[in-house]
Amino acid sequence: MNNLNQDLLSNDLIVTPAMQDNLSAAAKWGRFLAIVGFITCVLMLIGGLWVANKGLGYFYSQQQAMTLGITYAVMAVLFFFPCLFLFKFSTNTLEASRTSNQDSLESGIVNLKLMFRFIGIVTLIMIILYVLGIIFAVIFASR
Amino acid sequence: MHNPSQTGSNQPTLSPEAVNALLASATWARMLGLLGIIGSVIVLGMTASKFGKYDSIEGYAIFAIVFGIIVLLPSFLLFRYAGKAKVAAIGGRTDQFDEAFNALKGFLVICSMVGLLLILAYIVLSNIGWSKG
């Protein structure tokens, strides 16, 4: 893909005021969403710790409580990284729109790419695990 | 790294590296958008085929609208962002970048609203749970 666009991308594209407005608005909402995401991460982590420690009354065994608690904690960690990338995208883009700093703009857009890539890879892994789970369930059910 | 002064303008510019990063983000965003659209259409189709689970057509309509706002609309906006960003990056068209960033803004607005509502619902339901427990 890089080779294909080498000629087309040889010159810098000027960021028009309309582009800048849309990008700034996206960055403001992105920052808000990232903060909501960080809060959700903390809530998930607290929930996971609570279930692992004191959730025994709600479950049949300590093992079940621990499994659920660890699952919550892993989900919180997985959820943290896209929020971090989104926060970096937002703060860098907003800084770029304030100061016209080229490095900040580029860093922001790279973080946007990292966010989508991370979510994409995690989604693909989840889908593969789901499919494998269904296949194993069918195999074990047919025995 | 590129300096705006090199382009003879005070306006910031998108360097080739930044455009490439946008192109890569568009590729992943298109995949995520497509998965979201396909998943939500499957869920809505399966629900529509089981009208008996709902008391009335209105029940399904409310479900479809809520589900559409939570999953289908952000997925569509993500897909739109991906398409526009790809066209803009390959063709070097700033008008398409406008529309791409507008779609990205819409996607982030809806996700923010849904996230906020989910946290509020979580807090309200937790309080109800605590008061009953």
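Model, not experiment: these values are computed from the prediction.

Asks: What is the right way to look at the overall build of chain A in this model?
Replies: What chain A contains, in helices and strands, is three helices and one strand. Overall, chain A shows an N-to-C arrangement of helices and strands of β-α-α-α. A buried classification covers 34% of the 143 residues belonging to chain A. Considering only contacts within chain A whose residues lie at least 6 apart along the sequence, 63% involve residues at least 24 apart. Split by element, the accessible area of chain A, about 8,600 Å² in all, is 69% carbon and sulfur.

Asks: I keep staring at the packing of aromatic side chains and nothing clicks. Help me out?
Replies: Both the distance between ring centres and the angle between the ring planes are used here to describe each pair of aromatic rings. Residues and elements named next belong to chain A. Taken as a whole, this structure holds eight aromatic pairs over all chains when the rule is applied. Centroid distance W29 to F32: 6.0 Å. Interplanar angle 90°. Geometry classified as edge-to-face. Of the two residues, W29 and F32 both sit in helix 1 (residues 17–54), three residues apart, roughly one turn of that helix. Taking relative accessible area as the criterion, W29 reaches 28% and is therefore assigned partly exposed.

Asks: Is there a simple way to explain unusual backbone geometry in this structure?
Replies: Trans is the prevailing form of peptide bonds, just as negative phi is the prevailing case for residues other than glycine. In the Ramachandran plot, S100(A) falls in the positive-phi region, its phi being about 55° despite a non-glycine side chain. Of note, S100(A) is situated in the loop between helix 2 (62–99) and helix 3 (102–142).

Asks: Can you walk me through the interface of chain A and chain B in this structure?
Replies: If you look at the interface, chain A gives 46 residues, while chain B gives 47 residues. Of the roughly 4,500 Å² buried at the junction of chain A and chain B (both faces included), carbon and sulfur atoms supply 75%. Between chain A and chain B we count zero salt bridges in total. Linking chain A with chain B are six residue pairs in polar contact (both at pLDDT 80 or more), by the criterion used here. Counting residues per element, the ones that place at least two in the side of chain A that touches chain B are strand 1 (13–14), helix 1, helix 2 and helix 3 of chain A. Split by residue class, the side of chain A that touches chain B holds 29 nonpolar, twelve polar and five charged. Pairing of strand 1 of chain A with strand 1 (residues 13–14) of chain B involves two bridges; the strand directions are antiparallel.

Procedures and definitions
Residues numbered from 1 in each chain as written. Chains lettered and ligands numbered in written order. Predicted model: local features only at pLDDT ≥ 70, side-chain atom pairs only at ≥ 80, totals over all residues. Heavy atoms only, no water. Helix = DSSP H or I, 4+ residues; strand = E, 2+ residues; numbered from the N terminus. Buried < 20%, exposed > 50% of the residue type's maximum accessible area, 1.4 Å probe, protein only. Contact = heavy atoms within 4.5 Å. Areas by Shrake-Rupley, 256 points an atom, 1.4 Å probe, with all protein chains shown as cover. Phe/Tyr/Trp six-rings, centres within 6.5 Å; stacked < 30°, edge-to-face > 60°. Buried area = accessible area lost by both parts, 1.4 Å probe. Salt bridge = Lys/Arg side-chain N within 4 Å of Asp/Glu carboxyl O. Polar contact = N/O pair within 3.5 Å; in protein donor to acceptor, adjacent residues only side chain to side chain. Nonpolar A, V, L, I, M, F, W, Y, C, P; charged D, E, K, R; others polar. Pairing = 2+ DSSP bridges.

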